[in-house]
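Architecture at a glance
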Amino acid sequence: MNRQKVETIAGIYGCEISLENNEWVLYTRSNDLEVAKVIQSHFPKYGLTISLLTDRDEYIVYTGTHLEGEQNDRTN
């Protein structure tokens, strides 16, 4: 797993990407759990967590992909 794969999956599903605690997280922009599960399926070994952000009414998918030396940032 690497940043390129995370960016590709994010582009396909229209997700925002965030690097949080050196882990890539995808903001789904959707409150549909099935969409989050499909996104998670691209990270079968690593994507262990899906969370609902109630204040934003969207799911986020933790990819389990970690990068060292990156700054926490949020991109579209």
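Residues numbered from 1 in each chain as written. Predicted model: local features only at pLDDT ≥ 70, side-chain atom pairs only at ≥ 80, totals over all residues. Heavy atoms only, no water.

Next up on the list: the nonpolar core. Note on soluble globular proteins: their nonpolar side chains tend to be buried together. Val-6, Ile-17, Leu-26 and Ile-39 are the most contacted members of the largest nonpolar core, which has 13 residues in total. For this core, the elements supplying multiple residues, two or more each, are α1 (3–13), β1 (16–20), β2 (23–27), α2 (33–40) and β4 (58–66). Here this core gets 3 residues from one element, more than from any other, and that element is α1. Sequence-distant contacts of Val-6, that is, excluding residues within four places in its chain, are made with Ile-17, Trp-24, Leu-26, Phe-43, Thr-63 and Thr-65. (Core = buried A, V, L, I, M, F, W, Y, C linked by side-chain atoms within 4.5 Å. Buried < 20%, exposed > 50% of the residue type's maximum accessible area, 1.4 Å probe, protein only. Helix = DSSP H or I, 4+ residues; strand = E, 2+ residues; numbered from the N terminus. Contact = heavy atoms within 4.5 Å.)

All right, on to the environment of Leu-19 then. Looking at the secondary structure, you find Leu-19 in strand β1. Overall, Leu-19 belongs to the buried group, its relative accessible area being 1%. The sequence separation of Leu-19 and Thr-65 amounts to 46 residues, and the corresponding C-alpha distance is 9.6 Å.

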